[in-house]
Amino acid sequence: MSAATGPEPAGHLHINWTRCDGRGICTELLPSLLIRDDWGYPLAADPELAEKSRIPFGRASERDVADAVALCPRLALTVLRPR
Amino acid sequence: MTISPASAAFRGTNAAAPEGNNRLFAAGAYANYRSHLLTYGPAGTGYATAGLLELLEASGLTGRGGAGFAAWRKAAATAAARGRFGGGPVVIANGAEGEPLSFKDRTLLHHAPHLVLDGLLAAADALAASRVYLYTAASNLPPVRQAIGERPEAGRIRLVEAPDTFISGEASAVVNAIESGSATPVDRIGRLTEHGFKGRPTLVQNVETLAHLGLIARFGPDWFRSAGTERDPGTRLVSVSGDVPAEQVLEVAGETPLVDVLRAAGADPSALSGVLVGGFHGRWVDPGNLLLSAAGPAQEIVRPGAGVVFALGSHRCGLAETARIAAYLATQSAGKCGPCRFGLPALSATLDRLAYGGADPALLPELRRLQSMVAGRGSCHHPDGTVQLTASALAVFADDVDRHLAGYCNRKELLS
């Protein structure tokens, strides 16, 4: 678990790869969670992360996550909450 | 009700449960409905009344299409979703078999279509399905159509043609193909068993899995478990190809040593560079003492995946072979997900350089970097499966990697 998320993630950011085309707004809003890969697509900043399409985030990132979801021009991001 | 063991001769017929490992093709080549019934007895009564889901759970049957997931879990999840989610459940027999090295499903549909229909109809009845589909390549439709015509109760099965692409059999692509005509994977947060075809609970099972299911409904879980082992019960079909005297489909018991499968197909395990098990999304292994099994400790087993066993003769270069397969897999990306669309060609190009002559020490770390960049970043497992293949090649052909990096290859099929 990376320092950015803490032990208990507030939620997970799901990336719909079939929609994403690497515009990069999410990587600008969430630099502690997402960097860009060779082709510009968002890549989990934590290289140890097991699920690379389901990025955990902490409470401190809530606002930026909400912005990233709202501003993604491809509507490729979804917030998943613990059931 | 108590399930009696293998003695399960079917009530009211002379048919007995098949003995030994020849189960799915016991009715002979191109079996019609009559020879099917003479061999196995009628379906739809007997054990099936005990509750198919319970029988499936007791049988330990796992999926034979690739993932090897417990058949009863998927069926139970679909049953549980019934009523909670809109519409009646949908049951789909998946006979797409996009794996170029797999031909066991095709063989099954041509020679034993009625077993598949038995299993499909039994699953559809158990789930009170609203729609029933069989999805397979155009070349397999005639024998299935003929089999359906031989039994009126099969008239509810709708046939859908699968395109000839690698990814056409991926479960979400199957549902998408039937729903929209486009056999490409779609992004899913939930499971198909809950939200599948038009939002309905949907069970997608490989045709061989359904054939076993049809027999379990007849003869019971104890009979099913009389072949194979506790942790890998029953039999499975394998497509054996590559450097063997004749390509063939074999039916083998669970946990059969891989070398026994190779020898049964006439290959000498000591004369091989490596063996690709599971298909293009599978892994290269050195057969050693590995058992072909859906479950067990990682160092003792190799998962059969789609049932592919491809033998590579010791005169051939495993890196060149893997580069060829990776190039094909890159062309088979549906192109929907960026990391797969761009990552697989990059991985393939780098592997090409290693296979065909680039004695550059940076190639190996670059391959590893690309593998980790691609894996897990798609809506289906195409990138993950491709990385499993290339990573296993780097491990099993590690000596070849060293030679290639030093500028030569000691296989007869040489660097050009």
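How each quantity is defined
- Chains are numbered independently. Their residues run from 1 in the order of the written sequence.
- To read the labels, note that chains go from A and ligands from 1, taken in the order they are written.
- Per-residue local features of the predicted model are confined to residues with pLDDT of at least 70, and side-chain atom pairs are confined, for both listing and counting, to 80 or more; whole-chain, interface and lining totals are unaffected and use all residues.
- Calculation of side-chain values draws on the structure's entire complement of heavy atoms; hydrogens and water are dropped beforehand.
- UniProt positions are given in the numbering used here, feature names are shortened, and annotations may be inferred rather than shown by experiment.
- Under the scheme used here, helices are H or I runs from DSSP no shorter than 4 residues and strands are E runs no shorter than 2 residues, and both carry numbers assigned from the N terminus.
- In this treatment the radius of gyration is a C-alpha quantity, and the globule benchmark scales as 2.2 Å times the residue count to the 0.38 power.
- We call two residues contacting when some pair of their heavy atoms lies within 4.5 Å.
- Here, Shrake-Rupley sampling with a 1.4 Å probe gives the accessible areas, and only protein chains in the shown set may cover a residue.
- Only protein chains enter the accessibility calculation, which uses a 1.4 Å probe; a residue is then buried when its area is under 20% of its type maximum, exposed when over 50%, and partly exposed in between.
- If DSSP finds at least two bridges between two strands, the strands pair.
- We define a salt bridge as a side-chain nitrogen of Lys or Arg found within 4 Å of a carboxyl oxygen belonging to Asp or Glu.
- Buried area adds together the accessible area that both of two parts lose upon being put together, with accessible area traced by a 1.4 Å probe.
- As used in this structure description, the phrase polar contact means that two N or O atoms lie within 3.5 Å; if the pair is within protein, one of them must be able to donate a hydrogen and the other to accept it, and residues adjacent in sequence are counted only when both atoms belong to side chains.
- Three classes are used: nonpolar for Ala, Val, Leu, Ile, Met, Phe, Trp, Tyr, Cys and Pro, charged for Asp, Glu, Lys and Arg, and polar for all others, with Gly counted as polar.
- For this quantity, the arc is that covered by the directions from the helix axis to the C-beta atoms.
- Each nonpolar core is a collection of buried residues, namely Ala, Val, Leu, Ile, Met, Phe, Trp, Tyr and Cys, held together in the definition by side-chain atoms within 4.5 Å.

In UniProt, chain B has this text filed under Sequence similarities (unreviewed entry): "Belongs to the complex I 51 kDa subunit family."

Going by an unreviewed UniProt entry, chain A carries the name Ferredoxin and comes from Arthrobacter hankyongi.

What follows deals with the overall build of chain B. Counting secondary structure elements, chain B contains 14 helices and 12 strands. By the compact-globule yardstick of 22 Å for 416 residues, chain B fits well, its C-alpha radius of gyration being 22 Å. Of the contacts formed within chain B by residues at least 6 apart in sequence, a portion of 71% connects residues at least 24 apart. Carbon and sulfur atoms form 51% of the exposed surface of chain B, whose accessible area is close to 15800 Å².

To continue, consider the overall build of chain A. Helices and strands together make up the secondary structure of chain A, namely 2 helices and 5 strands. A compact globule built from 83 residues should have a C-alpha radius of gyration of about 12 Å, and chain A, at 11 Å, falls within 12% of that. Dimensions of chain A, computed from the C-alpha atoms along their principal axes, are close to 30 × 25 × 20 Å. A burial count over chain A gives 46% of its 83 residues as buried. Residue pairs in contact within chain A that sit at least 24 positions apart in sequence constitute 63% of those at least 6 positions apart.

What follows deals with the pairing of strand β12 (residues 308–313) of chain B. Residues and elements named next belong to chain B. Across the 6 residues that make up β12, a large majority, 6, are buried. The alternating pattern of β12 places Val-308, Phe-310 and Leu-312 and Val-309, Ala-311 and Gly-313 on opposite faces, both of which are buried. Summarising the sheet, strand β5 (residues 235–242) and β12 pair through 4 bridges and their orientation is parallel. The partner of Ser-241 across the bridge, within β12, is Phe-310. As paired elements, strand β8 (residues 272–277) and β12 share 5 bridges and run antiparallel to each other. By the bridge assignment, Gly-274 is partnered in β12 with Leu-312.

Moving on, we get to the pattern of salt bridges. Residue and element names in this part refer to chain B. All chains considered together, the criterion is met by 24 salt bridges over all chains. The salt bridge involving Arg-231 is made with Glu-255; its shortest N-O contact spans 2.7 Å. You can see Arg-231 sitting in the loop between α8 (207–224) and β5 and its partner Glu-255 sitting in the loop between β6 (248–253) and β7 (256–257), a full 24 residues away along the chain. A relative accessible area of 14% places Glu-255 in the buried class. The closest approach of N and O atoms between Asp-243 and Arg-316, which form a salt bridge, is 2.7 Å. Residue Asp-243 is located in the loop between β5 and β6, and its partner Arg-316 is located in the loop between β12 and α10 (318–331); the two are separated by 73 residues in the primary sequence. On the basis of relative accessible area, Asp-243 is assigned to the partly exposed category, the value being 24%. When its relative accessible area of 26% is taken as the criterion, Arg-316 is described as partly exposed. If you follow the salt bridges from partner to partner, you end up with Arg-64, Lys-104, Asp-105 and Glu-208 in one network.

Right, let's talk about the interface of chain B and chain A for a bit. Contact with chain B, which involves 20 residues of that partner, is made by 15 residues of chain A. When chain B packs against chain A, close to 1500 Å² is buried across both sides, 59% of that on carbon and sulfur atoms. Summed over the three residues of chain B that lose the most area to chain A, namely Asp187(B), Ile189(B) and Arg377(B), the buried surface amounts to 37% of that side. Along the contact surface separating chain B from chain A lie 2 salt bridges. Joining chain B to chain A, the criterion identifies 6 residue pairs in polar contact (both at pLDDT 80 or more). At 5 residues, helix α11 (residues 338–355) of chain B tops the list of elements feeding residues into the side of chain B that touches chain A. When grouped by side-chain class, the residues that make up the side of chain B that touches chain A number 9 nonpolar, 6 polar and 5 charged.

Residues and elements named next belong to chain B. All of the buried residues along helix α6 (residues 141–149) are Leu-141, Pro-143, Val-144, Ala-147 and Ile-148. Mapping the buried residues of α6 onto a view down its axis gives an arc of 165 degrees, with all of them on the same face. Along α6, exposed side chains directed more than 90 degrees from the buried face belong to Gln-146 and Gly-149. On the buried face of α6, the contacting elements are α4 (104–111), α5 (113–126), β2 (131–137) and β3 (157–162).

Here we come to the sheet that holds strand β10 (residues 291–292) of chain B. One open sheet holds the 3 strands; their spatial order is β7-β10-β11 (chain B), and the pairing between them is mixed. The open sheet has two edge strands, β7 and β11 (301–302) of chain B, and neither has a second partner.

What follows is about the nonpolar core. Counting 57 residues, the largest nonpolar core has Leu13(A), Leu34(A), Ile55(A), Leu276(B), Trp284(B) and Leu354(B) as its most contacted members. Broken down by secondary-structure element, the contributors of at least two residues to this core are β1 (11–15), β4 (54–57) and α2 (62–71) of chain A together with β12, α10, α11, α12 (363–374) and α13 (382–396) of chain B. The biggest single contributor to this core is α10(B), with 7 residues. Core analysis: the next-biggest nonpolar cluster, separate from the first, contains 46 residues, Ala75(B), Leu115(B), Leu120(B) and Ala154(B) among them.

The next point concerns the environment of Phe166(B). Residue and element names in this part refer to chain B. The residue Phe-166 is located in the loop between β3 and α7 (171–180) in this model. Assessed through its relative accessible area of 8%, Phe-166 is described here as buried. As a C-alpha pair, Phe-166 and Ala-96 span 70 residues in sequence and 8.9 Å in three-dimensional space. Leaving out residues up to four positions away in the same chain, Phe-166 has contacts with Gly-98, Glu-99, Pro-100, Phe-280, His-281, Tyr-328, Leu-329, Gln-332 and His-382.

So, about unusual backbone geometry. Phi at Leu75(A) is positive, roughly 50 degrees, even though this residue is not glycine. Its place among the elements puts Leu75(A) in the loop between α2 and β5 (77–80). For Ala128(B), which is not glycine, the phi dihedral falls at a positive 50 degrees. Mapped onto the elements of the fold, Ala128(B) is located in the loop between α5 and β2.

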